[in-house]
Amino acid sequence: MAGNFEMENSKSEERTQSESKSDEPGTPPELTEQTGSSNSGGCCCTNGKSEDTMCSKEEEETENTKTKSCQQEPIILNDKCYMVKIIAPGCDPFEIQVGAQEMVHELHQLLMDKEETCHRTCFTLQMDSNVLDNFTELRNIEGLTDGCVIKVVEEPYTVREARIHIRHVRDLLKSLDPVDAYNGMDLQSLSFLSAVIVEGNDNAGRNKKAGDRDSVDCTPPDYIMPDSEERPLVPLNPLAKEQKSPPCLQVFTTSGWNPPPGNRKMHGDLMYLYVVSVENNPYHITASTRGFYLNRSTQDCFDPRPAEPKHLSHSLVELLQKVSPTFKRNFAQMLKKRAMRHPLERVLVPFQVYTWTSPQIEHTIDSIRAEDAYNSRLGYEEHIPGQTRDWNEELQTTHDLPRKTLPERIVRERAIFKVQSDFVQAAIRGATAVIDGNIMAINPGEDSKMQMYIWNNIFFSLGFDVRDHYKNYGGDYAAYVAPSCDLQGVKAYCSIDVEGLYTLGTVVIDYRGYRVTAQSIIPGILEREQEESVIYGSIDFGKTVATEEKFVELLSKSAQQLKVLPHKVLNEKDKEVELFSSIECKGIRGNDGRHYILDLLRTFPPDLHYLPMEGEEMSEEAKAMGYPKTHRHKLCTLRQELIEAFIEQRYMVFVRHAAFLLMGKQQQKEETKTEKESEKLEIQDIPIDDDEDTTVKTDSNTVESESESKSEKIESESESKADQIDTNANKTDSVDTKRTEKESEKNETVENSVNEAERTKQPSEEGEEGEKQVNGEVNGIVNGKDEEEEEKEKKEDLNPDVEKVAKVLADSMDTYDQNHKEIVLKAAAAAGSLSDTEFDIRFNPDVFSPGVRHVNPEGEYLLKQKQIIRDAAHFLITHQIPSLIKDCLEHTIAPIDGSSLSEVMHQRGINMRYLGKLGDLVSKAPTLSYLYKLIVTEIISRSVKHLFTSYLQGVSPVSLSAALSHFMNCYLSSTSAPQPQKPDEKPFHTHNKKKKNKKKSRYISALGHDSTVWTTMTPAEMWTNIKAEAKEYYMFTLECDSVDSAVEKYHIQKVSLLREFCQKVGVQIALREYNFDNKHKSTFTEEDILNMFPVVKHVNPIASDAYSYFQSGQAKVQQGYIKEGFELISEALNLFSNVYGPMHPEFSACLRSLARLHYIMGELNEAMEMQQKAVIMSERCLGVDHPNTITEYLHLALYCAAGQQIATALKLMYRARYLALLLHGEDHPEVALIDSNIGLVLQGVEEYELSLKFLQKALDNNIKFHGPKSMKTALSYHLVARVQSCKGDFRAALQMEKETYNIYKHNLGEKHDKTKQSLECLRHLTQQAVNLQKAMNELYKGGTKAAVQQFNISPPPMNSVIEMMNIINGILIISLSQKDIEKIAEEMEKDMVGGAEKLQISGTEKNAESLTITEVDTNEETTSKDEESKPTHCEELTQDTVCQQVEVVN
C-alpha cells in the first residue's frame, strides 16, 4: 500500500509543482551535483557495509531518533549514482549524473531545465526502445548501468500539453525578471548575493601582492562609514540598478481566434497564438498535435491554413528562432545569463517569502499571467485527475505511511512536507480571495463577520466571536487570538506524532486587518450537527462532556508526552468523565474512520499572571511586578518550551535532593559497618562464661543504640543539607511567604544600595556597575541568593556516581527497597511532585477553568495541581526572564531585530506579552542599552500592529492605499497634521437607504464599509493610542508623545520602525528614499503603497533524523572530533535534501557548519562554495534582510578574505554592515564584530585611515557593551594599536597597547603569556618610536634622508591579518610541530576509547604548546583565555612548524 500511495501522491505532488501555473523546472543539473547525494560517502556505504546490514541496523532503531548516541557511525543511504548518456533532437549527445533514488520524472524535469533541452516539454524518455514510466525510480529500471543511453523522443501534443509548453516558454522568457519575486508569487524569492559581489569577482582582489594593493577598490559608500546617520533604503535592492536583458518578443499571447472551430479540430488544431517579433513582424501560430507552425490568419481575417513556409517545429522556441533572427540571438544571450546564475537562485522556495520594499515595476501585457489570475482553476485541479485535491486525505494519508526504518521515515517526512507546503500555498490563495471578496460564503444570509467559506476543499473562518462563543473569554479579542493558540496546540500534537491520532491541516493568515483560519475538512463533518459529531470533550466549555474509549486510548499516549495530567470532571449528569486533554479539545470520528482532535487552544496550562482568580495569591515577586493583571482575553497560556524547561528544572531538584539523601545513607552504612567490626573485635577479647552472658548482651545493646543514634544524626544532617540545597535550587517556586518577604526586602536593600552607589560612581565605571546591579537583581529574582551563596553551592559538587544512582532511582520506581522509598518520598515532596512514590510533574489544563466541575474540588490532589501551575508561572518571571538577561549580559545571544528577539524569547518559553517586564529589567543595565532599544522598538511596533488591525477593518477597498499612507504618516512622519488623500469615487449605494439591510452581501467585501473615520486620525491621537496600548498590553510606560520624541528618548531609528511595521502587517512600499523629518510635507503618499501581503503562521514539518544527525555532528565537533563531526553533518545535509528538496531554511545552519569545517581543514574553495549556498539559502528562504543573512554574509567574507579575494570580502562586509544598520543601528555588539573584520581587511590592504575609523568604532562599542576591563576590549585596543603603529603614530599605538597590557595584567596576572606578549609588544613599539625619533632628529640636523629611508615601516602580512580575523570570529588556529601532531593523534585515540572531552598535549620542542579543545564564546573573556597559545602580538609564527587548524565552535 505504501508503494501505491507513494506513486499516487508523487503524481499529485509533481504535477502540482511542474504542470501547474508556470511548469517550473525542477532541480537544475548543477544543483543535483552540489546538494544532492554527492556528499561524502553519499553514493556508497561506509566501511564497506552492505545495504542489508544497514537495513537490519535501522530496524533496531527506536522511533525517537533524537536519543541516538553521538558515537554512532553515520548511516548512509544507498544512493548509487549513474552516468547516463542523453541523446536529444537538435543537439549533441551529453552525459549527466543521476541518483538511483531519483524518479524518471525528476530526470524529465532536469532536462527541461538544462540549457540544451530547456525548450522541450512534450517528450518521453526511452531506453532500449522501452518507454520509461515517469513515476518509477531509476534503481528499479532493468539494465540501467553507467554509460546507458537514454533517448529523448518527441510525443504528440494534446491541449493540456500545448498549454504546459506555452507556459514553460513564457517562464523561460521571464526567467531573469524578478517581478514574480517582488509580487510574492509562484514561490519565487529574491537573492542579491550575485549583485553584491558582481564587481568583486574580477581578478582585482585575487592573489594580491603587497605592491598591487592599490588596485583594490576599498572605499565604502558614505552611509557605511562609522557615525553616519544616513540610512538609505535603495541599496537594500542592488538589482534595481541592473539593466534588463534584451527582449526576445514584443507580444506573446493567445490569439483571439481561440478556441479552434470544430472543423479545424478535425485537422488537429489545438489552439492559436499571436506573436509580434522584435523586428515588429506579426505572426499567427497554430499549435497542433504535431507541433507549431505559422498560419495565414490576420487580426481581421481567420485563415487557419499553413503559411508558406509554415516552419513546422515540435518546439515553439525552434519555430521562433526560424522566423526571427533577433529572437534567436537574444534568446541565446538570455539562456547564457540564466546559466551563469547559481542553481539555488533558480529553484522554488518551499514557502512564499514576501519583501517589504519593491522598485516601481513596469506592468506589461502578459496573457498567460492574466489567464492564471482570472480563470476558474482551484488549486490547479485542471492538471490533476479527480478535479480538486482532497487536502485532508492527502495530509492524513502521509501520516499513515510506515516509519520503522530510516528510508521509510525519509519517504514519510518527504511526503508530509510536500503536502503541507502545497496546502499552505492553497490556503494563502484561498484566504486572500476570501478577504478580496472573490468567494461566496456558505451562509450568505448571516452577518458578514459570521460568514464561513469553503474553497478548494479548505474551510475558512474569520477571527470574530461567532454567536457569543467567546463571550466570557474576551469576545472578539479572544476570537482573534484563539486561532494562533489552536495552531500552537496543533504543532504540539504534530511534534509527538501519535499513531492513529489526527489533527487538521491548519494555517492562520493575517491579511488586510482580518485573521482567517484555514483548515482541512473532516470527512462527513458538514453533513452532521456539531453535537452529533463530537464524541469526546465539550462544545460548551464544560457544561456537557463526552468521552469515547478509542480517544481515551490515543490521548493517554499524547498526554504522557505532553505532560498533560489525566483528570476527572463531572458531566451534565453528574457522572465522572476522565479527560486526557483540555476540556475544549473535541474528538470527532470522521466518515473515513479516523479519530480527529480539534480546538486545541488550551493544550497548555493557563498563565495565572494574566488570569486573576478569586482566592488565588501570587508570590511576592509577582506582586512586585504588578501581577496578576486582567488581560483583554482569558486565553493566555504558557508556552510548551516553558513547560519543558520547568519540568527539567524540577527533575534536577528531585535528583539533587535524592542524591544528597543517598550520600547520607551511604555514609551511615559505612559508619555502622565500621562500628560493628569494632564491636566484634571487642567481643572476641572478652572471656565468655555463664555469668557474663547477660553483661555482654547489655553491652551489645548499648553499642547498637549508640550506633542508631549516630546514624539518625547523620541522616538528619544529610536531610538538612538536602533541604538546604533544595531551598537554594527551588526558591524559585517557594510558597513560604515569610521567606519570600525577607528575600524581597533583601533585594530591595541591595537594589537601593546599588542605586545609591550608582549616583556617586565615576563615569568610566558606569558600565561595570550597571551590569553588577542587573546581575544582582537577576540573581535575587531567580533564587533570592547572593554571590556568596552561589559560590558555596558551586563548591558543593555532587559525587557523579551518586547522582547517576539517583537518576536511575528516579527512572525505575519499582526496584527500590524501603530505605529508597523514604528517599523518593522526600525528594518528590521537595520537587513538588504530584506523586509521593515517583517524580511526577504534569499539568491539568482545566484546573482553573470556571465552567469545569472537578471531582473533589477541595481535595489535596487538586490543590497540588493548582500549585504546579502557580509554580510554572512563577518560574517564568523568576528564572526564564532573568536567565535571558544573563545570556545577553554574557553575550551568548544578541538579538538585532524583532524577529530574532521573539525567537530567543520563545526558545525560553517567554510570551511576548512579557516584553514590558523584560524592558523594565534591561533598562537598568547600561551594557544592554542595545537590547532596551530593541525592546522599546518591538513594543511600539506591536502596539501599532494592534491599532492597525482595527483601523483597517473599517476601510473600503477603494480607500486602502490612502488609508495606509495616512496611517503611516501619523505614525512616522514629523508633520503635525498630515492631510489624508480622500478617494475621488463616490459610493454607488448612497440612495435607497431603506433597503440597505434587506439583502446582505454574500461576499466579505461587506466588511470594508465606506467609513471615513480613518481620515480624522492625527499623529497626537495615534501616539496617545500607542502609549495606552503599550501600557495595557505590555505593562510598559512609553515616555514619548510623538515619533520624534520617541527617537530622541530611546535612540531608535525611524527606518527600523518602518521595517518592523511593514513586516508585521504585510505592507509593501516603494523602494525610494523617504524624508521622515520634513515638518511641512507628509512622508508617504498613495503611490508609495504598492501591495499588501498575508502574514502566515503554519506548522513546519521537521526532518527528525536529519536534525538528530546535525546535533550529533555538532556535539562531535565540540568534543574535537572534526572528521567524525564533518561526516555526521554531511549526512544530515543529505537527509535534509532528501526530505525538503534543494531549498529550505534548515539548510543554512548545516551549510554554514560544513563551510567552517572545510575552512579549518584548509579547503578554502569548498568552504566558499558551501557558504555561498548558505547565503543564498538564507536570502531566499528567510529574507534578504533577515538577521541570519547578516551572519551568513560575514562568514562568506571571512573565507573570501582568506582566499585573497579582498575586494569581494569587503563588499560582503559592507553589505553585512548596511543590513545591520538598517535593522538596528551602530550601537550593537554584532556591528562591533563587523567593524573589527572590516578594519582588519582594510589594514591588510594598507588603507590605514579607513581601517582606523572602523576599528575605533568597534573599540567604542566593545567598551560600551563588554565593559572597559573585558578581554574583548583588550583585543580591540590591540587591533587599534597595530594600525596606528603601521601609520607610524607610535605614541598613540603605545597608549592603546598600554590599555591592552593593563587589562591583561588585571584579569590574567603578570605571569600569563598574553600579559607577557603585550609587554613585549610595548617594548617593541617603544623601540620603534625611539628609532623614528632618532631618524627625525638626523633629518632636522640637516643630514641626508638616508636615516629616514633606513627606517621602513612594513605592512602586516596578509596571513597575520587572517589569523586575527580567525580569532575574533571564534576560530582558533594553533601552531604545532610534527611530533605534537602525532601526540594529538595518540591522545585522540585514547579519548575516543575513554570518552574524554578534552585533549591535552604537552610538547617538548620549542614550539610545542598545550592544546585544549573547548567551547569558545567569541563575545566574552573565555575567547582570550583559550587563545593564550596563539601569538597575537608583534611576533609571527615560525616557518618550521606545521600549521594545524582546530575549530572552536561558537
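Residues numbered from 1 in each chain as written. Predicted model: local features only at pLDDT ≥ 70, side-chain atom pairs only at ≥ 80, totals over all residues. Heavy atoms only, no water.

Caption draft 1: How the structure looks around the packing of helix 41 (residues 1271-1287) against helix 45 (residues 1358-1368). Running from N to C, helix 41 and helix 45 point in directions that differ by 160°, and their axes come no closer than 12 Å. It follows that helix 41 is roughly antiparallel to helix 45 by the angle criterion. The two elements helix 41 and helix 45 cross, and the hand of that crossing is left-handed. For the pair helix 41 and helix 45, contact is made by K1272, L1275, H1278, L1279 and R1282 and by S1360, V1361, M1364, I1367 and I1368, respectively. When its residues are assigned to classes, the contact of helix 41 with helix 45 shows six nonpolar, two polar and two charged. (Axes fitted to C-alpha atoms, helices over the stretch in contact; angles between N-to-C directions. Helix = DSSP H or I, 4+ residues; strand = E, 2+ residues; numbered from the N terminus. Parallel < 35°, antiparallel > 145°, perpendicular 65-115°, else oblique. Left-handed = near helix turned anticlockwise from the far one by under 90°. Contact = heavy atoms within 4.5 Å. Nonpolar A, V, L, I, M, F, W, Y, C, P; charged D, E, K, R; others polar.)

Caption draft 2: Summary view of the side chain of S315. By the element assignment, S315 lies in the loop between strand 9 (292-294) and helix 9 (316-323). For S315, a relative accessible area of 1% translates into the label buried. For S315, the side chain forms a polar contact with the main-chain oxygen of H119, separated by 3.2 Å. Excluding its chain neighbours within four sequence positions, the residues that come into contact with S315 are H119, Y157, H165 and F292. (Buried < 20%, exposed > 50% of the residue type's maximum accessible area, 1.4 Å probe, protein only. Polar contact = N/O pair within 3.5 Å; in protein donor to acceptor, adjacent residues only side chain to side chain.)

Caption draft 3: Geometry of the pattern of salt bridges. Within this structure, the stated rule accounts for 59 salt bridges. One salt bridge connects D303 with R305, and the closest N-O pair in it is separated by 2.8 Å. Using a relative accessible area of 45% as the deciding quantity, one classes R305 as partly exposed. In this structure, K933 and D1227 form a salt bridge, with 3.0 Å as the shortest nitrogen-oxygen distance. Here D1227 lies in the loop between helix 38 (1206-1223) and helix 39 (1229-1244) and K933 lies in helix 28 (residues 929-953), a separation of 294 residues in the sequence. (Salt bridge = Lys/Arg side-chain N within 4 Å of Asp/Glu carboxyl O.)

Caption draft 4: View of the environment of S1251. Assignment of secondary structure puts S1251 in helix 40 (residues 1248-1266). Residues S1251 and Q1284, spaced 33 residues apart in sequence, show a C-alpha to C-alpha distance of 9.7 Å. Among residues more than four places away in sequence, those in contact with S1251 are G1239, L1242, Q1243 and V1283.

Caption draft 5: Examining the pairing of strand 7 (residues 269-277) more closely. Burial analysis of strand 7 places nine of its nine residues in the buried class, which makes it a mostly covered element. The sheet contact formed by strand 6 (residues 249-254) and strand 7 spans five bridges and is antiparallel. Its bridge partner being in strand 7, L249 is matched across the sheet by S277. As consecutive antiparallel partners, strand 7 and strand 8 (residues 282-288) are separated by four residues, and within that stretch N280 has a phi angle of approximately 70°, a positive value. (Pairing = 2+ DSSP bridges.)

Caption draft 6: Focus on the environment of P260. Turning to its location among the elements, P260 is positioned in the loop between strand 6 and helix 8 (262-265). A sequence separation of 44 residues divides P260 from P304, and the C-alpha atoms of the two residues are 9.1 Å apart.

Caption draft 7: Up close: helix 33 (residues 1104-1119). Between the first and last C-alpha of helix 33 there are 23 Å, a value that for 16 residues agrees with the 22 Å anticipated at 1.5 Å per step. Counting buried positions along helix 33 gives 12 out of 16 residues, so the element sits mostly inside the fold. Along helix 33, the residues that are buried comprise S1104, D1105, A1106, S1108, Y1109, F1110, S1112, G1113, A1115, K1116, V1117 and Q1119. Once helix 33 finishes, G1120 follows within two positions and takes phi at roughly 105°, a positive value. (Expected span 1.5 Å × (residues − 1).)

Caption draft 8: A look at the confidence of the model for the chain. Counting all residues, the mean pLDDT for the chain is 78, and 73% of those residues have values of 70 or more. Every residue in residues 1-78 is under pLDDT 50, and counting partners more than four places away or in other chains gives 189 contacts. Considering only residues more than four positions removed or in separate chains, one finds that residues 376-386, a stretch of pLDDT under 50, has 29 contacts. (pLDDT = per-residue confidence, 0-100.)

Caption draft 9: Here's a closer look at the sheet that holds strand 19 (residues 586-589). Within the open sheet, the four strands sit side by side as 13-20-19-16. Their pairing is mixed. In this open sheet, the two edge strands, each paired with only one partner strand, are strand 13 (501-503) and strand 16 (534-536). Neighbouring strand axes in the sheet, compared pairwise and without regard to direction, differ in orientation by 45° on average. Sheet topology note: the strand 16/strand 19 ladder contains two bridges and is antiparallel. Following the sheet pairing, Y536 is matched in strand 19 by G587.

Caption draft 10: The packing of helix 29 (residues 960-972) against helix 32 (residues 1054-1065), seen in detail. Direction vectors running N to C along helix 29 and helix 32 enclose 145°, while the axes themselves pass 11 Å from each other. By crossing handedness, the relation of helix 29 to helix 32 is classed as right-handed. Two secondary-structure elements touch here, helix 29 through F967, M968, Y971 and L972 and helix 32 through K1054, L1057, L1058, F1061 and C1062. Here the contact of helix 29 with helix 32 is composed, by residue class, of eight nonpolar, no polar and one charged.

Caption draft 11: Molecular detail of the sheet that holds strand 7. The four strands lie next to each other as 6-7-8-9, forming an open sheet whose pairing is antiparallel. Strands with a single pairing partner mark the edges of an open sheet, and in this sheet they are strand 6 and strand 9. Pairwise comparison of adjacent strand axes, ignoring direction, gives a mean angle of 25° for this sheet. Relative to strand 8, strand 7 is paired through seven bridges, and the arrangement is antiparallel. Looking at strand 8, one finds that V276 is bridged to P282. Sitting on the sheet, helix 5 (residues 159-173) touches strand 6, strand 7 and strand 9, and the angle it makes with strand 7 is about 20°. Where helix 9 meets the sheet, its contacts fall on strand 6, strand 7, strand 8 and strand 9, and the angle it forms with strand 9 comes to roughly 30°.

Caption draft 12: Highlighting the nonpolar core. Within the largest apolar cluster, 283 residues are counted, with the highest numbers of intra-cluster contacts made by I940, Y971, L1058 and F1061. With 13 residues, helix 13 (residues 406-436) is the largest single contributor of residues to this core. When near neighbours in sequence (up to four residues on either side) are disregarded, Y971 contacts I940, S941, V944, M1022, W1023, I1026, V1043, L1057 and F1061. Of all hydrophobic cores here, the second largest spans 29 residues; its members include F252, L273, L294 and L335. (Core = buried A, V, L, I, M, F, W, Y, C linked by side-chain atoms within 4.5 Å.)

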